[in-house]
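# Commentary on secondary and tertiary structure
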Amino acid sequence: MTKVSFGAHPFLLGFDQLERLVERTAKSDAGAYPPYNIEQSSDHTYRITLAVAGFSDADLSITLEDRQLVVRGRQAEDAEARVFLHRGIAGRQFQRAFVLADGVEVTGASTENGLLHIDLNRAVAESVVQTIQIRKG
């Protein structure tokens, strides 16, 4: 039995990378921590919000690596040993990745009340009509 590839469809020329993007996205699943929301605030703007309670701005990093938005969090170790009677606030390190489409750009990031907001904007592609001349061979 042969596997039918989405990128191999004869009417979808040049979309072979789409299947690789889907596979890469599936592999980047980091579980449920930290929890996050993705909002669409208009036709072309988005906001990713991650719950990062307990992390300072210095503990967080946001990078764009080959069309993949990567958010990492790592808290510095305390110099003094603390004894917890109960530890319910997660403070472990994390990495969360989001694959961005062509034309989607990060416009900014901010923290507020334990939430990290990352704003995205998708550029509107212009409709192009091109006439191709036919040569005699």
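One can find the structure itself at the top, above this paragraph.
Residues numbered from 1 in each chain as written. Predicted model: local features only at pLDDT ≥ 70, side-chain atom pairs only at ≥ 80, totals over all residues. Heavy atoms only, no water.

### So, the overall build of the chain
Just so we agree on the cut-off: Helix numbering and strand numbering both begin at the N terminus, where a helix is a DSSP run of H or I of at least 4 residues and a strand a DSSP run of E of at least 2. Working definition: with a 1.4 Å probe on protein chains only, accessible area under 20% of the residue-type maximum means buried, over 50% means exposed, and in between means partly exposed. Contacts are assigned to residue pairs with any non-hydrogen atoms lying within 4.5 Å of each other. Each accessible area is a Shrake-Rupley result for a 1.4 Å probe, and residues are judged covered by the shown protein chains and nothing else.
Assigned secondary structure in the chain consists of 1 helix and 7 strands. When the elements of the chain are put in sequence order from the N terminus, they spell out α-β-β-β-β-β-β-β. Looking at the 137 residues of the chain, the share that counts as buried comes to 20%. The contacts in the chain between residues at least 6 apart in sequence include a share of 53% that link residues at least 24 apart. Working note: accessible area of the chain is about 10900 Å², and carbon and sulfur atoms make up 53% of it.

### Details of the sheet that holds strand β3 (residues 60-65)
To keep things clear, this is the line we draw: A pair of strands counts as paired when DSSP detects no fewer than two bridges linking them. Fitted lines through C-alpha atoms serve as axes, helices being fitted only where they are in contact, and the angles separating the N-to-C directions of these axes extend from 0 to 180 degrees.
Spatially, the 3 strands line up as an open sheet ordered β3-β4-β5, and their pairing is antiparallel. This sheet does not close on itself; its edge strands, each paired only once, are β3 and β5 (94-99). Geometrically, the sheet is characterised by an average inter-axis angle of 15° between neighbouring strands, direction not taken into account.

### Observations concerning the pattern of salt bridges
Definition in use: Should a side-chain nitrogen of Lys or Arg be within 4 Å of a carboxyl oxygen of Asp or Glu, the pair is scored as a salt bridge.
Within this structure, the stated rule accounts for 3 salt bridges. Salt-bridge contacts for aspartate 119 lead to arginine 47; the nearest nitrogen and oxygen are separated by 2.7 Å. In this pair, aspartate 119 sits in strand β7 (residues 115-122) while arginine 47 sits in strand β2 (residues 45-51), placing the two residues 72 residues apart along the sequence. By relative accessible area, aspartate 119 is classed as partly exposed at 23%. By relative accessible area, which is 27% here, arginine 47 ends up partly exposed. The partner of arginine 67 in a salt bridge is aspartate 102, with the nearest N and O atoms 3.2 Å apart. With arginine 67 in the loop between β3 and β4 (68-73) and aspartate 102 in the loop between β5 and β6 (104-112), this pair connects stretches of sequence that are 35 residues apart.

### Thoughts on the sheet that holds strand β1 (residues 36-40)
A sheet is described by the order of its strands in space; here 4 strands give the open sequence β1-β2-β7-β6, paired in antiparallel fashion. Only two strands of the sheet have a single neighbouring strand rather than two, namely β1 and β6. For this sheet the average axis-to-axis angle between neighbouring strands, irrespective of direction, equals 20°. Strand direction decides the pairing type here: β1 and β2, joined by 5 bridges, are antiparallel. Bridging across to β2, glutamine 40 finds its partner in tyrosine 46.

### Comments concerning the nonpolar core
Threshold: Here, nonpolar core means buried Ala, Val, Leu, Ile, Met, Phe, Trp, Tyr and Cys residues that are tied together by side-chain atoms lying within 4.5 Å of each other.
Residues Leu50, Phe94 and Ile118 are the most contacted members of the largest nonpolar core, which totals 15 residues. Put simply, the parts of the chain that give this core at least two residues each are β2, β4, β5 and β7. Per-element accounting of this core gives the leading share, 3 residues, to β7. Ignoring any residue separated from it by four or fewer positions in sequence, one finds leucine 50 in contact with Pro34, Pro35, Tyr36, Val71, Phe94, Arg96, Gly114, Leu115, Leu116 and Ile118.

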